[in-house]
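Results of the structural survey
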Amino acid sequence: ALAAGWGDEFFLADRGGVGLYRVDGGERLQYWKSDEGDAPTALTFVSDETSEKNGALLIAYPERIDAIYFATDRVAGDAAPSEAEENGVGDEEKKDDGVSEKSAPIRTARNAALGEATTILTIPGAAVAAVAATPDRLFVGDFNADRVWRYSWRTLDALQSAEKKETPPDCEIGAPDGGLAYPGFRPATEPRMSVVYSPTTNEIVVANSGLFRVDAFNVDSGVWSAEHSWTKTPGTERAFSGAANPVALVVSPSGWIATAETGKIDVATGKRSPLQIFDAKNGNWIAEILGVVPTENEVRVASPIGLALSEDGRQILALKANGEVEVY
């Protein structure tokens with residue numbers, strides 16, 4: 001699993017825990033082991049809306065979700081001093097808060113964790129494979145149920161002192177709806193799911209891999225949005241192909257969706273890459289990301305299986321099946 005962090009950092013989960021890495025060069029900065037010995041299944045990093053200095057990493061396991069909380073104002077940044085810092089900065093060059101624009105610290109999760117991971121929610125019998133969050137709600141993709149469960153952060157906060165971290169969801173997302181002609185959420189790339197929040201439309205967007213679809217749901221009502229969903233249809237430019245795709249996606253604050261496909265690329269659709277970019281509002285194709293394209297013999301190990309978007313929306317990180325991370 002993969003998640004972008006502050007600035008030039010990203011989180012990467014392996015079988016034993018979660019590591020913090022630099023985007024530039026891939027240096028591992030820190031590592032948190034899984035106490036239970038089970039492997040994480042999904043990650044998402046959430047910046048605090050009230051302070052850019054704070055945030056939380058949500059770590060999903062098959063039947064629970066843990067959180068590590070960060071406060072970057074408690075530690076000094078580890079970036080090299082700028083020229084302005086070395087030479088000194090006059091008062092006239094400082095901002096109102098007394099910090100130079102050039103020497104402002106780079107936000108980093110390194111050494112900023114407020115303790116170890118703590119469990120915030122358990123879902124017995126689930127197969128949690130995706131997690132997403134908004135300031136008010138948590139969204140959990142359950143592969144066993146073919147559903148996305150919605151929880152209120154207010155409800156989860158009330159569980160902090162409880163021995164059992166169990167509570168029913170306040171909304172079920174992804175059920176078939178005959179009235180809206182929606183066939184249902186059917187992720188088929190076990191155990192992978194992809195659920196992300198789209199700030200431009202205030203919707204939860206899912207990779208409905210079993211039906212070659214990208215589906216959007218209203219955050220408040222949980223109702224499927226036909227206007228902002230699309231599927232593989234005859235004549236669709238860069239249509240999804242393979243046994244089950246797309247396998248992962250990310251949504252940018254500016255309104256585009258990047259999708260990842262695993263397996264052999266269907267060149268008949270005009271594609272040359274497993275990474276495509278679409279308009280989040282109507283599904284119109286915008287561009288493709290050309291990098292290292294897996295050959296037919298490499299698709300099982302070199303295909304992308306996860307995506308993450310940097311905090312500023314300028315970099316896409318792709319996790320491949322062999323554990324390598326590519327940056328675009």
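Described in the following lines is the structure provided in the data block. None of these values were measured; they are calculated from a predicted model.

The next subject is the overall build of the protein chain. When helices and strands are tallied, the protein chain shows three helices and 23 strands. Out of the 328 residues in the protein chain, the part that is buried amounts to 50%.

What follows concerns the environment of S51. Here S51 is to be found in the loop between β5 (42-47) and β6 (54-61). Assessed through its relative accessible area of 21%, S51 is described here as partly exposed.

Tracing the backbone through its elements, the reader meets K165 in the loop between α2 (153-157) and β12 (171-173). The charged side chain of K165 is buried without a salt bridge, its nearest counter-charge being D66 at 9.7 Å.

So, about the sheet that holds β5. An order of β5-β6-β7-β8 is seen for the four strands of this open sheet, with the pairing classed as antiparallel. Since the sheet does not close on itself, it has two edges, and those belong to β5 and β8 (118-122), each with one partner. Put simply, the sheet's adjacent strands are angled 25° from each other on average, direction ignored. Judged from the six bridges that link them, β5 and β6 form a sheet pairing that is antiparallel. For V46, the partnering residue across the bridge sits in β6 and is A56.

Before going further, it helps to examine unusual backbone geometry. Residue P191 is bonded to the preceding E190 through a cis peptide linkage, with omega at 0°. Looking at the secondary structure, you find P191 in the loop between β12 and β13 (195-198). Here N245 and P246 are connected by a cis peptide whose omega angle stands at 0°. With respect to the helices and strands, P246 occurs in the loop between β16 (224-231) and β17 (248-251). We note that D146 has phi near 55°; this positive angle belongs to a residue other than glycine. Among the structural elements, D146 can be located in the loop between β10 (137-142) and β11 (147-152). The phi angle at F212 is positive, at roughly 55°, despite the residue not being glycine. With respect to the secondary-structure elements, F212 resides in the loop between β14 (203-208) and β15 (213-218). Residue F212 is classed as buried on the basis of its relative accessible area of 17%.

All right, on to the sheet that holds β13 then. Sheet architecture is open: four strands sit in the order β13-β14-β15-β16, paired in antiparallel fashion. Two strands bound the open sheet, and with one partner strand each, they are β13 and β16. For this sheet the average axis-to-axis angle between neighbouring strands, irrespective of direction, equals 25°. Pairing geometry for β13 and β14, over four bridges, is antiparallel. Looking at β14, one finds that V195 is bridged to V206.

With that settled, consider the pattern of salt bridges. All chains considered together, the criterion is met by twelve salt bridges. In this structure, E27 engages R22 in a salt bridge whose closest nitrogen and oxygen atoms are separated by 3.1 Å. The class for E27 is partly exposed, based on a relative accessible area of 40%. Counted as one network, the salt bridges with shared partners bring together D38, R64 and D66.

This part covers the packing of aromatic side chains. Here a ring pair, both rings aromatic, is described through the centre-centre distance and the interplanar angle of the planes. According to the stated counting rule, one finds twelve aromatic pairs in the structure shown. Ring geometry for F11 versus F70: centroids 5.9 Å apart, planes at 45°, classification tilted. Note that F11 is positioned in strand β2 (residues 9-14) and F70 in strand β7 (residues 64-71), a separation of 59 residues in sequence. Assessed through its relative accessible area of 2%, F70 is described here as buried. Feature note: the residues W6, F11, W32, F45 and F70 constitute an aromatic cluster, connected by ring pairs. In this structure, R64 packs its charged tip against the face of Y61, placed 3.8 Å from the ring centre. The lysine or arginine in question, R238, covers the ring of W285, its NZ or CZ lying 3.8 Å from the ring centre.

L58, I65, L121, L138, V140 and Y151 are the most contacted members of the largest nonpolar core, which totals 19 residues. Of all the secondary structure elements, the ones that give two or more residues to this core are β6, β7, β8, β9 (128-133), β10, β11 and α2. Excluding its chain neighbours within four sequence positions, the residues that come into contact with L138 are L58, I65, L121, V131, A132, A133, W149, R150, Y151, W153 and L156.

Analysis parameters
- Residues numbered from 1 in each chain as written.
- Predicted model: local features only at pLDDT ≥ 70, side-chain atom pairs only at ≥ 80, totals over all residues.
- Heavy atoms only, no water.
- Helix = DSSP H or I, 4+ residues; strand = E, 2+ residues; numbered from the N terminus.
- Buried < 20%, exposed > 50% of the residue type's maximum accessible area, 1.4 Å probe, protein only.
- Lys, Arg positive; Asp, Glu negative; His and termini not counted.
- Salt bridge = Lys/Arg side-chain N within 4 Å of Asp/Glu carboxyl O.
- Pairing = 2+ DSSP bridges.
- Axes fitted to C-alpha atoms, helices over the stretch in contact; angles between N-to-C directions.
- Phe/Tyr/Trp six-rings, centres within 6.5 Å; stacked < 30°, edge-to-face > 60°.
- Lys NZ or Arg CZ within 6 Å of the ring centre and 35° of its normal.
- Core = buried A, V, L, I, M, F, W, Y, C linked by side-chain atoms within 4.5 Å.
- Contact = heavy atoms within 4.5 Å.

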